[in-house]
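Residue strings, one per chain:
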Amino acid sequence: MKDVLLKRFAEVFGDTEGVKTYFAPGRVNLIGEHTDYNGGHVFPCALTIGTYGAARKRADHKLRFYSMNFEKLGVLESSLEELVPSKEAGWTNYPKGVMWAFGERNMEIPSGMDLMLYGNIPNGSGLSSSASVEVLTGFILRDFFGFEVNNQDLALIGQYAENHFNKVNCGIMDQFAIAMGKKDNAIFLDTADLSFEYAPIVLEGAKIVIASSNKKRGLGDSKYNERRSECETALAELQQVVKIDSLGDLDEETFEKYQSAIQSDVRRKRAKHAVCENQRTIRAVEALKANDVALFGQLMNASHVSLRDDYEVTGVELDTLVEEAWKVEGVIGSRMTGAGFGGCTVSIVKDEAIDCFIDQVGRAYEAKIGYAADFYVVEVGNGPCAM
């Protein structure tokens, strides 16, 4: 991949003198969905697919961006004096947002750069292509200019950029999973205090298969912010009757006891999902540690039902992929992953059933939805690196 990047960089920017190459992974969340902004636990892992970058410092303040995924856009030019979000800037709002966020932390970027990216994460799939670009940009800035930030800081800077520059009210999970990824391990992260532990993913005789619905969605214009607001209101109502800092502080029993304080049926369902999903995630990690992959799969299935019925973020595309997956012998568990409203599902599938799974689910999906899904058998990879 490095050679491909350097060859294209030379074609676009004239030569490769002073160019360095980098990689940041995508991520998939195995369980713990819409819990990260509710003070709960998540269980994501970094993937071996992600975003590749080739970059070099400039002597001036000019920024030149090029994406091999959007070649028709050509080179998009900006400068360090123009770090403001705009619709015209398109995908470059993500690296520019991170440069801006470094400045907000009193780490001014001293010089511009030429930056070329190539991602093999399906765009709009829910595997965190935007967070991958953000972490990659932060990693490059640290490498170029010697900023004293660790990988956890890179995650927080990426989230800050997403929240305040790109105005998407995301939690910390995506950037954290990408920045802190560790091969063959998922990250059991408590989003309330960022305490975490690595948990080995041992799926003897099975693999993680991601199915992309190919229904495009944009987080900012999805119902993501609406769900977040509903949970915040439900939390405020619960805080009138029980001392908690977040919905993640509740177990199912305590929620049952106090849920009548929530004034709307819709908000009650949203809060129920946040509470139960957090507890499911805790139990799922315990199951994995006990080598009980079957129980882990059952909890994945229950997660999808909750996301469909209580949180209402699935939609016909994701429901079709999951419901068809459940019909295939050899599927241990399957659920939507990511924000929802399109994007991907994640399934744990026995090795001998993978071909059948892709064929059967793929045909049923295309027959019902009218266009094809894409399937990826993935491996759990490391965090960002120089290549």
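Before reading further, recall that the structure is shown in the block above.
Below is a short write-up of the structure. What you are looking at is a predicted structure, and each value in this text was computed from that prediction instead of being measured. (Residues numbered from 1 in each chain as written. Predicted model: local features only at pLDDT ≥ 70, side-chain atom pairs only at ≥ 80, totals over all residues. Heavy atoms only, no water.)

1. A word on the overall build of the protein chain
Next, step 1: Of the regular secondary structure elements, the protein chain holds 11 helices and 13 strands.
Next, step 2: In terms of C-alpha radius of gyration, the protein chain reaches 21 Å, essentially the compact-globule figure of 21 Å for 387 residues.
Next, step 3: Taken along the three principal axes of its C-alpha coordinates, the protein chain extends 60 × 50 × 40 Å.
Next, step 4: The proportion of buried residues among the 387 residues of the protein chain is 60%.
Next, step 5: Put simply, of all contacts in the protein chain between residues at least 6 apart along the chain, 72% involve residues at least 24 apart.
Next, step 6: Of the roughly 15,700 Å² of accessible surface on the protein chain, a fraction of 47% belongs to carbon and sulfur atoms.
Next, step 7: The average position of the 41 basic charges and that of the 56 acidic charges among the side chains of the protein chain differ by 3 Å. (Helix = DSSP H or I, 4+ residues; strand = E, 2+ residues; numbered from the N terminus. Rg over C-alpha atoms; globule rule 2.2 N^0.38 Å. Buried < 20%, exposed > 50% of the residue type's maximum accessible area, 1.4 Å probe, protein only. Contact = heavy atoms within 4.5 Å. Areas by Shrake-Rupley, 256 points an atom, 1.4 Å probe, with all protein chains shown as cover. Lys, Arg positive; Asp, Glu negative; His and termini not counted. Charge placed at Lys NZ, Arg CZ, Asp CG, Glu CD.)

2. Considering the sheet that holds strand 12 (residues 374-378)
Next, step 1: With respect to topology, 4 strands assemble into an open sheet ordered 10-11-9-12, the strand pairing being antiparallel. Both edges of this open sheet fall to strand 10 (331-337) and strand 12, since each of them pairs with a single strand only. Across the sheet, the mean angle from the axis of one strand to that of its neighbour is 20°, orientation sign disregarded.
Next, step 2: Both strand 10 and strand 11 (residues 344-350) contribute to a ladder of 6 bridges, which runs antiparallel. Counterpart to R335 in the pairing with strand 11 is V346.
Next, step 3: Helix 10 (residues 315-326) rests against strand 9 (206-212), strand 10 and strand 11 of the sheet, and its axis sits at about 175° to strand 10. (Pairing = 2+ DSSP bridges. Axes fitted to C-alpha atoms, helices over the stretch in contact; angles between N-to-C directions.)

3. Digging into the pairing of strand 9
Next, step 1: Taking burial as the measure, the 7 residues of strand 9 include 6 buried ones, the bulk of the element.
Next, step 2: Relative to strand 11, strand 9 runs antiparallel, the two being bridged by 7 bridges. Paired with I210 across the strands is V346, a residue of strand 11.
Next, step 3: Summarising the sheet, strand 9 and strand 12 pair through 5 bridges and their orientation is antiparallel.

4. Concerning the sheet that holds strand 1 (residues 20-29)
To summarise the sheet geometry, strands pair through backbone hydrogen bonds and adopt either a parallel or an antiparallel arrangement.
Next, step 1: On the basis of which strands lie adjacent, the open sheet formed by 6 strands has the order 5-4-6-3-1-13 and mixed pairing. Both edges of this open sheet fall to strand 5 (76-79) and strand 13 (385-386), since each of them pairs with a single strand only.
Next, step 2: In the sheet, strand 3 (residues 44-57) pairs with strand 6 (residues 113-119) via 7 bridges, with the strands oriented antiparallel. What sits directly across from A55, in strand 6, is L115.
Next, step 3: Helix 1 (residues 2-13) rests against strand 1, strand 3, strand 4 (62-67) and strand 6 of the sheet, and its axis sits at about 135° to strand 6.

5. Re the side chain of R267
Next, step 1: Of note, R267 is situated in helix 8 (residues 265-289).
Next, step 2: Polar side-chain contacts of R267 include one of 2.7 Å to the side chain of E237. (Polar contact = N/O pair within 3.5 Å; in protein donor to acceptor, adjacent residues only side chain to side chain.)

6. Observations concerning the pattern of salt bridges
When the charged atoms of two side chains lie near each other, side chains of opposite charge can form a pair.
Next, step 1: For the coordinates displayed, the defined rule picks out 31 salt bridges.
Next, step 2: Across the pair E11 and R8 runs a salt bridge whose closest N-O atoms are separated by 2.7 Å. With a gap of 3 residues between them, E11 and R8 both fall in helix 1, about one helical turn apart.
Next, step 3: E11 sits in the partly exposed class, given a relative accessible area of 46%.
Next, step 4: One salt bridge connects E277 with R280, and the closest N-O pair in it is separated by 2.9 Å. (Salt bridge = Lys/Arg side-chain N within 4 Å of Asp/Glu carboxyl O.)

7. Describing a nonpolar patch on the surface
Next, step 1: There is a patch of nonpolar side chains on the surface, built from M1, V4 and M387 and spanning about 230 Å² of accessible area.
Next, step 2: Topologically, V4 is positioned in helix 1. (Patch = residues over 30% accessible without salt bridge, like charges linked within 9 Å, V, L, I, M, F, W, Y side chains within 5 Å.)

8. Looking at the layout of surface pockets
Next, step 1: Put simply, the second largest pocket is a space of about 200 Å³.
Next, step 2: Taken together, D184, I201, L203, G205, A206, K207, I208, D351, V378, E379 and V380 form the lining of the second largest pocket.
Next, step 3: With 3 residues, strand 9 is the largest single contributor of residues to the lining of the second largest pocket.
Next, step 4: Residues belonging to the lining of the second largest pocket are distributed by class as follows: 6 nonpolar, 1 polar and 4 charged. (1 Å grid on protein atoms, 1.4 Å probe; cavity = no way out; pocket = protein on both sides within 12 Å on 5 of 7 lines; lining within 4 Å. Points joined across faces, edges and corners; volume = space filled by probe spheres on them. Nonpolar A, V, L, I, M, F, W, Y, C, P; charged D, E, K, R; others polar.)

9. Things to note about the packing of helix 6 (residues 224-238) against helix 8
Next, step 1: Where helix 6 meets helix 8, the axes come as close as 9 Å, and the angle between the chain directions of the two elements is 95°. Accordingly, the angle class assigned to the pair helix 6 and helix 8 is roughly perpendicular. Contact residues: R227, E230, C231, T233, A234 and E237 in helix 6; V266, R267, R270 and A271 in helix 8.
Next, step 2: The residue inventory of the contact of helix 6 with helix 8, partitioned by class, reads 4 nonpolar, 1 polar and 5 charged. (Parallel < 35°, antiparallel > 145°, perpendicular 65-115°, else oblique.)

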